[in-house]
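Fold and contact review
Given next are the chains, with one letter for each unit.
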Amino acid sequence: MGQLDKLIERIQPAQELLLESQKEPMMRSATGLKVMVNQQLTSLQIIALLADLAPAGQKQSIGQKKPATFEYTLGVKRYTVSFLTQGEQVRGVICLADAAEPERLAVAETNEEDEDIVDVISSEPEMTPKSAVHAAGEPEINGLLRKMFQLGASDLHLTANHKPLMRLHGDMQELPNQAVISPDRLKKLIYAIMPPHNTAQFEDLNDTDYAHEISGLARFRVNIFLDRFGIGAVFRQIPMEIVTAEKLGLSKEVLDLCFLSKGLVLVTGPTGSGKSTTLCALIDYINRHRKDHIITIEDPIEFVHERKSCLINQREVHVHTKTFSNALRAALREDPDIVLVGEMRDLETIAIAIETAETGHLVFGTLHTTTAASTVDRIIDQFPADRQSQIRTMLASSLKGVLSQTLCKKITKGRVAAMEILFVTSAVSNLIREGKIFQIPSIMQTAKGQGMVVLNDALFKLVLEKQVSPEEAYIKAIDKSGFVAMLKSKAITLNLTGNIDI
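Residues numbered from 1 in each chain as written. Predicted model: local features only at pLDDT ≥ 70, side-chain atom pairs only at ≥ 80, totals over all residues. Heavy atoms only, no water.

Moving on: the environment of Lys476. For Lys476, the location among the structural elements is in helix 17 (residues 470-476). With relative accessibility at 27%, the residue Lys476 sits in the partly exposed group. Separated by 69 residues in the primary sequence, Lys476 and Leu407 have C-alpha atoms spaced 8.3 Å apart. Leaving out residues up to four positions away in the same chain, Lys476 has contacts with Thr406, Leu407, Cys408, Leu455 and Leu459. (Helix = DSSP H or I, 4+ residues; strand = E, 2+ residues; numbered from the N terminus. Buried < 20%, exposed > 50% of the residue type's maximum accessible area, 1.4 Å probe, protein only. Contact = heavy atoms within 4.5 Å.)

In structure tokens form, the structure reads like this:
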């Protein structure tokens, strides 16, 4: 008899038993989550408990922390058990295999006998890897998302009359063993998971954004659009596990920005450059090291923050508020210490963000700019000419730092961020006030001891560490002639058509 049987017996149709590292076992239903046992489980305990249920062919797979899905029979009922991993975290999801199960089980209260489930067992039998299949009753598109997740891809692209494609380590590749998706089938796949508001928005504007979550696996930022082939979609994977500032390797000088009492901190870069991941790491760092109130305004909500030392209220545009500017204006009446603006996309939002930073709040925001200096120009240029002098003065006092990043393909696999870092010192502040933005890169070059980094130096460091090829770094460089000179100083020959001679 499996050690989880007492909890598995309580699963009703449309419910899932969730086991997650460092959390109590919970039952998920349409009404929310219910803690079933008041004891947190470790990753090893979850592995042992699920291996106890698994057939011989799956036990070793689970023991090696490889994703697995299998069926488990208890009495006359069959259950689908999914084992999922993300970094050091593991998750187990158990639900009824037959979505049409007629009998509803009574959910009893937790009793002392349930504590037996945390007894850890060890088992290392033979195994044969088996592809995971999505649990009965969930949307069909989740099967594609699970496959993309297991392959380590960052994005899933669906276009009518095409096979599904994924972005793996920066390159577009076909999702294996998939047929061409017809327009009608693709529409059904997408509409099955589209919230009603987004359905109306899409039918009105032919574009919409929202978040989709597969419990126990990952969240996905979704964009639905219309093109010449018909309906299309892009799913960007948002890991369930927050990447910490320490794992990202953010410098002490960057982390010091998290302890500011007021000011504006911007994370910038092109689409898909990892801005959300960096911002998430900074908010998580604050959540662990300060005792404050954080309000995030996002479209949609991407990373979900649990309360640690801070109270965090996450608001989604079009769901919890109408616009970024409305939410930002309202935030001033909600007693925040830190405000995160997911996207500073219009003049009104930018103006309110600067005013919020000036009135004693720490504001984090994003812009689609490629360098620190161009970020300052972009903000000022958003305003009419007769207001630009005033904005320069306000920005000179409120802007505290700009992190501009771009993702580069690694030589092995995966991607790594090259980050340009600007801290607004008194010298930089004077340049902003006087409108001499073009001189900021020179200040950054001479202030490396203060933690400032120009993009070429960040790229060159990645080349010297053999993480990124010289060609890839050259492509990402803004000042290409300057970057070539840096390569020549270390006798690194750039060859854009063949091998590299180092």
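Once you've had a look at it, read on.
Cis geometry marks the peptide bond from Asp299 to Pro300; its omega dihedral reads -5°. Along the chain, Pro300 falls in the loop between strand 14 (293-298) and strand 15 (311-316). In this structure, Asn177 takes a positive phi of about 60° despite not being glycine. For Asn177, the location among the structural elements is in the loop between strand 9 (171-174) and helix 5 (183-191). Take Asn177: its relative accessible area is 72%, and that puts it in the exposed class.

Buried residues dominate strand 18 (residues 399-409), accounting for 9 of its 11 residues. Direction of pairing for strand 13 (residues 263-268) relative to strand 18: parallel, over a ladder of 5 bridges. Paired with Leu266 across the bridge in strand 18 is Val402. The loop that links strand 18 with its antiparallel partner strand 19 (residues 415-423) comprises 5 residues; one of these, Gly414, has a positive phi angle of about 90°. (Pairing = 2+ DSSP bridges.)

Attention now moves to helix 6 (residues 196-205). Turning to helix 6, its buried residues number three or more, namely Asn198, Thr199, Gln201 and Phe202. Viewed end-on, helix 6 has its buried residues packed into an arc of 165°, placing them on one side of the element. Counted as exposed and oriented over 90 degrees from the buried face of helix 6: Pro196, Glu203 and Asp204. Lining the buried residues of helix 6 we find helix 5, strand 10 (207-214), strand 11 (218-227) and strand 12 (230-239). (Arc of directions from axis to C-beta.)

Let us look at the packing of helix 13 (residues 385-398) against helix 14 (residues 426-434). For the pair helix 13 and helix 14, the least separation of the axes is 8 Å and the interaxial angle reads 170°. Here helix 13 lies roughly antiparallel to helix 14, going by the angle between them. Within the contact between the two elements, helix 13 uses Arg392, Thr393, Leu395, Ala396 and Ser397 and helix 14 uses Ser429, Ile432 and Arg433. Tallied by class, residues from the contact of helix 13 with helix 14 come to 3 nonpolar, 3 polar and 2 charged. (Axes fitted to C-alpha atoms, helices over the stretch in contact; angles between N-to-C directions. Parallel < 35°, antiparallel > 145°, perpendicular 65-115°, else oblique. Nonpolar A, V, L, I, M, F, W, Y, C, P; charged D, E, K, R; others polar.)

On to the sheet that holds strand 13. Across the sheet, 7 strands lie side by side as 15-14-16-17-13-18-19; this open sheet has mixed pairing. Bordering the open sheet on either side are strand 15 and strand 19, each of which pairs with just one other strand. For this sheet the average axis-to-axis angle between neighbouring strands, irrespective of direction, equals 15°. Its contacts with the sheet place helix 12 (residues 372-381) against strand 13, strand 17 (362-367), strand 18 and strand 19, and it is angled at close to 125° to strand 18.

Turning our eyes to something else, we now look at the sheet that holds strand 6 (residues 89-96). Read across the sheet, 6 strands follow the order 3-2-1-6-5-4 without closing on themselves; strand pairing throughout is antiparallel. What marks the edges here is a single partner per strand, and that holds for strand 3 (32-35) and strand 4 (68-74). Taken over all neighbouring pairs, the strand axes of this sheet differ in orientation by 25° on average, direction set aside. Of the pairings in the sheet, the one linking strand 5 (residues 77-86) to strand 6 comprises 8 bridges and is antiparallel in character. For Phe83, the partnering residue across the bridge sits in strand 6 and is Gly92. Running over the sheet, helix 2 (residues 43-53) touches strand 1 (16-20), strand 4, strand 5 and strand 6 and is turned about 35° from strand 6.

This part covers the packing of aromatic side chains. Taken as a whole and assessed by the stated rule, the structure comprises 2 aromatic pairs. Both rings, one in Tyr191 and one in Phe202, keep their centres 6.5 Å apart while their planes meet at 80°; by these two values the pair is edge-to-face. With Tyr191 in helix 5 and Phe202 in helix 6, this pair connects stretches of sequence that are 11 residues apart. Seen in terms of ring centroids, Phe259 and Tyr285 are 5.9 Å apart; in terms of plane orientation they differ by 80°. Their pairing is edge-to-face. (Phe/Tyr/Trp six-rings, centres within 6.5 Å; stacked < 30°, edge-to-face > 60°.)

Further remarks concern the nonpolar core. Ranked by internal contacts, the top residues of the largest apolar core, which has 68 residues, are Phe364, Leu395, Leu399, Ile432 and Ile440. Setting aside its immediate chain neighbours within four residues, Leu395 contacts Leu264, Ile354, Val376, Ile379, Ile380 and Ile432. In terms of nonpolar packing, the next biggest core, distinct from the first, is built from 32 residues, Ile141, Met148, Leu168 and Phe202 among them. (Core = buried A, V, L, I, M, F, W, Y, C linked by side-chain atoms within 4.5 Å.)

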